[in-house]
There are 2 protein chains.
Amino acid sequence: MNEDKSRHMKGIRRLAKHLNISIGTVSRALNGKPDVNEETRKRVLAAAVELGYEPNQAGRSLRKGSTGAVGLMIESSPETAANSDNFFLGLIDGLQSVLSRQSLDLLVLPCPSEEDPNDYLQRMVARQLVDAMILSATQHRDPRIALLSGADIPFVTMGRAGFGDSHAWIDLDFEGVANRAIDRLVGQSHRRIAVAVPPTDVNLGSIFLDGYKTALRRHGLPFDPDLVIYAKTTEQGGYVAGDQLLGLSERPTAILLVYELMAIGLYRRLSEAQLRVGKDMAVIGFRESPRSRFLSPRLTCFRMSLHELGGSLAESLLAVMPQFQAQYPLGAVHMIWPMELVEGESDGPPGG
Amino acid sequence: MNEDKSRHMKGIRRLAKHLNISIGTVSRALNGKPDVNEETRKRVLAAAVELGYEPNQAGRSLRKGSTGAVGLMIESSPETAANSDNFFLGLIDGLQSVLSRQSLDLLVLPCPSEEDPNDYLQRMVARQLVDAMILSATQHRDPRIALLSGADIPFVTMGRAGFGDSHAWIDLDFEGVANRAIDRLVGQSHRRIAVAVPPTDVNLGSIFLDGYKTALRRHGLPFDPDLVIYAKTTEQGGYVAGDQLLGLSERPTAILLVYELMAIGLYRRLSEAQLRVGKDMAVIGFRESPRSRFLSPRLTCFRMSLHELGGSLAESLLAVMPQFQAQYPLGAVHMIWPMELVEGESDGPPGG
DNA sequence: ATAGTTTTCGTAAACGTTTACGGAACAATT
DNA sequence: AATTGTTCCGTAAACGTTTACGAAAACTAT
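To keep things clear, this report deals only with the structure shown in the data block. (Residues numbered from 1 in each chain as written. Chains lettered and ligands numbered in written order. Predicted model: local features only at pLDDT ≥ 70, side-chain atom pairs only at ≥ 80, totals over all residues. Heavy atoms only, no water.)

### Considering the protein's contact with DNA strand C
Near DNA strand C there are 28 residues, and of these T25(A), I12(B), S27(B), K33(B) and R63(B) occur at the shortest range. Protein-adjacent atoms of DNA strand C, using a 4 Å cutoff, are sugar or phosphate at a proportion of 59%. Measuring from a phosphate oxygen of DNA strand C, one finds a backbone N or O atom of I12(B) at 2.7 Å. For DNA strand C, a phosphate oxygen lies 3.3 Å from a polar atom in the backbone of N56(B). Secondary structure elements with two or more residues in the surface near DNA strand C: α3 (23-30) and α5 (57-64) of chain A together with α2 (11-19), α3 (23-30) and α5 (57-64) of chain B. Tallied by class, the residues present in the surface near DNA strand C amount to 7 nonpolar, 10 polar and 11 charged. (Near = heavy atom within 4 Å. Polar contact = N/O pair within 3.5 Å; in protein donor to acceptor, adjacent residues only side chain to side chain. Helix = DSSP H or I, 4+ residues; strand = E, 2+ residues; numbered from the N terminus. Nonpolar A, V, L, I, M, F, W, Y, C, P; charged D, E, K, R; others polar.)

Here it is as structure tokens:
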């Protein structure tokens, strides 16, 4: 060929020169357009790998108006870092497994802790480096939702937001977990059951609390506000939750944690008070982690597949992206993600 | 103004029409170029916020050949998810704090577990959506390094790679930690000290092991290959490391963990064997986490600031980016990140 | 052989920026 | 008044793609 002439060129132009055809044809060949001879398409594809050609994303998305990437916004503050733990990495893997089937790339967009999440999201959206967004850790009445709706960019949120919630979302089954945990504890003849939640402005806390209350009511048990312990969803939070638990005048015999991570701190605080977890105090956690199986005693908690959750999240995102609605005709999905009880040794009848 | 006429336009053109000036001037005003009247610059800036203008990234980077973003490549396999824990989120926050000062954005690029990391990196680089890369979890002789060097894209790695290592890197002080841990244990009159490392093809393992060996030699203690336990760096890995430990004919009195996470599994295994951590078996971990303070007994381990590490990583990246070498004239930094001992209750003289 | 159809390809415009270049306006110097 | 310099701004080309359009070529059917 005339590699001599194509040597100094770049991009698709180089490829075209190399093959002695026009750049239009090269582009069509690479993009699987129908009006190109199969023979030449083969030659183009072969030359592409030979020359290591990859289309320039800037040029492509400038012309197409779409980027072939979706964004996952996370917050990287030390606070979230402690909480979210390995949650995101598991989720990401599930997201990719579905997105890659549509040759969509995932970009994780971490909002700096110094910047306002709204400003950050606004900037990212305006820059148009993704076609759609996944929002994690949505707060009650999260303003980011209005922003994305207004900008008319497809998105899905991990977590309800408490509006009419007409947008697509998936949320964990906080009510179900609270219900089944109470059922189990009451079945073990516990009567005074505490619950640890983050401050109620966090969405998940109030939902969990609602589940807790209705479950108590269902069993004819009174709701005692003293038994609601507000604490951070960290190891440290679990420890201070333990503090508060021990300080109660009429000590409960069981406690429900909205975050599995808190168990570590709680375990320590209880052992400092010479209380045996599972005997003197029943503990049930929320989401299972590799950790919970290796605590002693093993933590009773609820299992879910992060990978599958990520997959469903991706599918529900595709369902609101115009390009993919033919393949994923689901509409805006609203989904409560089911969780499965994992029996440990951290609960049991009061008094052992 | 003639908003009527500018209504239907987009981008910088809209702004220009709105102000009745040329798009060239608008662009220069926004980019802080000197040849623009301060008066008009003010008007442009004001109009930009008024109309909520954000430059289109595709157009900009197509023209400039740079994107204003740097990438952090991570791997999202379930394996890494378990290991890396909250490592990345902490790191990211530190990275951002420095990068944002240069108005650089950070894009986290998670390699799907199904895709070959090299192919993925190649794709991302070729797409030109970042100006520079940060590689995490570099392996021994990591081929990604050759790839980036060849593509002539600035990068820095988190972890040595064992080549000549002429590229910029920062790595944790595995030798120092191993040395000081051994010093401490020997000072507590331990003589048989085990060490748990991942399979040696992982870079950090062999370095840690080297530090362990030289420290033993320094104290005139023999190196016994039986005391090197190969295990995964997870809770599960800590548990099976405990298994192996207990199975040794001549049981050591102390063990050194290359990963703090393993402590949870090890604690459990030891308690199952009725051994008291810190009395019957001294345990020293590697990197401190919020967790280690709430284990009982508290884990003796080594502390570092993820935030500062991220900051240094970002600075050393800027130092190899041509655009910023004036401000960060460091050259290619090779840095061993220092760590500080945190005394817990998990070690002590043999026999309590 | 002609007209119509299909297949295949080249041409050129467009996407939204940035920037080299040159020109206009004005001030300062001779 | 002519020259030089400075300040500011508009024009237009470029970046690497994709794609609407039309034309040439190759069939098909009359």
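### Notes on the protein's contact with DNA strand D
Not every one of the 28 residues close to DNA strand D is listed here, only the nearest: I12(A), S27(A), K33(A), R63(A) and T25(B). Here, DNA strand D places atoms within 4 Å of the protein, and 59% of those atoms are sugar or phosphate. With respect to DNA strand D, the side chain of K10(A) contributes an N or O atom lying 3.3 Å from a phosphate oxygen. D35(B) places a polar side-chain atom, nitrogen or oxygen, 3.3 Å from a base nitrogen of DNA strand D. Within the residue set of the surface near DNA strand D, elements represented by two or more residues are α2 (11-19), α3 and α5 of chain A together with α3 and α5 of chain B. A breakdown of the residues in the surface near DNA strand D according to their chemical character gives 7 nonpolar, 11 polar and 10 charged.

### Here's the deal with the packing of aromatic side chains
Considering all chains together, one arrives at 12 aromatic pairs over all chains under this definition. Here F294(A) and Y239(B) contribute two aromatic rings whose centre-to-centre distance is 5.6 Å and whose plane-to-plane angle is 50 degrees, an arrangement assigned as tilted. Taken together, the residues span two chains, with F294(A) in the loop between β9 (282-287) and β10 (300-303) and Y239(B) in helix α12 (residues 235-247). Per residue, the accessibility class of F294(A) equals that of Y239(B), and both read buried. Here F87(B) and F88(B) contribute two aromatic rings whose centre-to-centre distance is 5.9 Å and whose plane-to-plane angle is 80 degrees, an arrangement assigned as edge-to-face. Classification of F87(B) by relative accessible area gives buried; the value is 12%. You can call F88(B) buried: its relative accessible area is 8%. In this structure an aromatic cluster arises from ring pairing among F174(A), F208(A) and F286(A). When the ring centre of F223(A) is taken as reference, the NZ or CZ atom of K213(A) above it lies at 5.0 Å. (Phe/Tyr/Trp six-rings, centres within 6.5 Å; stacked < 30°, edge-to-face > 60°. Buried < 20%, exposed > 50% of the residue type's maximum accessible area, 1.4 Å probe, protein only. Lys NZ or Arg CZ within 6 Å of the ring centre and 35° of its normal.)

### Here's the deal with the relation of the copies chain A and chain B
With an RMSD of 0.0 Å, chain A superimposes on chain B once it is rotated by 180 degrees and translated 0.0 Å along the axis. What we have between these two chains is a two-fold relation. (Least-squares fit on C-alpha atoms with pLDDT ≥ 70 in both.)

### Considerations on the sheet that holds strand β12 (residues 340-342) of chain A
Residue and element names in this part refer to chain A. Within the open sheet, the 6 strands sit side by side as β7-β6-β8-β9-β10-β12. Their pairing is mixed. With partners counted over all chains shown, the strands left at the sheet margins are β7 (228-230) and β12, one partner each. The sheet shows a mean angle of 20 degrees between the axes of neighbouring strands, taken without regard to direction. As paired strands, β10 and β12 are joined by 3 bridges and run antiparallel to one another. The residue of β12 that forms the bridge with C301 is V342. Contacts from helix α12 (residues 235-247) reach β6 (193-197), β7 and β8 (254-257) within the one sheet, and its direction differs from that of β7 by about 145 degrees. (Pairing = 2+ DSSP bridges. Axes fitted to C-alpha atoms, helices over the stretch in contact; angles between N-to-C directions. Contact = heavy atoms within 4.5 Å.)

### Quick word on the environment of R191(A)
Here R191(A) shows up in the loop between α10 (174-187) and β6. Contacts of R191(A), omitting those with residues within four sequence positions, involve V186(A), L221(A) and T253(A).

### Quick look at the packing of helix α8 (residues 117-127) of chain B against helix α9 (residues 143-151) of chain B
To characterise two packed helices, one gives the angle between the axes of the helices and the distance between these axes. Residues and elements named next belong to chain B. At their nearest, the axes of α8 and α9 sit 10 Å apart, and the two run at 20 degrees to each other. Viewed along their axes, α8 and α9 adopt a mutual orientation that is roughly parallel. Crossing handedness for the pair α8 and α9: right-handed. Only P143, R144, L147, L148 and A151 of α9 make contact with α8, whose side of the interface consists of P117, N118, L121, Q122 and V125. Among the residues forming the contact of α8 with α9, the class breakdown is 7 nonpolar, 2 polar and 1 charged. (Parallel < 35°, antiparallel > 145°, perpendicular 65-115°, else oblique. Left-handed = near helix turned anticlockwise from the far one by under 90°.)

### Some details on the nonpolar core
By size, the foremost hydrophobic cluster in this structure holds 173 residues, and its most contacted members are F208(A), I255(A), L309(A), F208(B), I255(B) and L309(B). In this view, L309(B) contacts F87(B), L91(B), M158(B), I170(B), L172(B), M304(B) and W337(B); residues no more than four positions away in its chain are not counted. In terms of nonpolar packing, the next biggest core, distinct from the first, is built from 38 residues, M124(A), A161(A), C111(B) and L147(B) among them. (Core = buried A, V, L, I, M, F, W, Y, C linked by side-chain atoms within 4.5 Å.)

### Considering α5(A)
Inspection of α5(A) places Q57(A), A58(A) and S61(A) among the buried residues, and these make up the whole buried set. The buried residues of α5(A) occupy one face: seen down the axis, they fall within an arc of 95 degrees. Elements in contact with the buried residues of α5(A): α5 and α8 of chain B. Its side-chain oxygen at 2.7 Å from the backbone nitrogen of A58(A), N56(A) defines the N-terminal cap of α5(A). (Arc of directions from axis to C-beta.)

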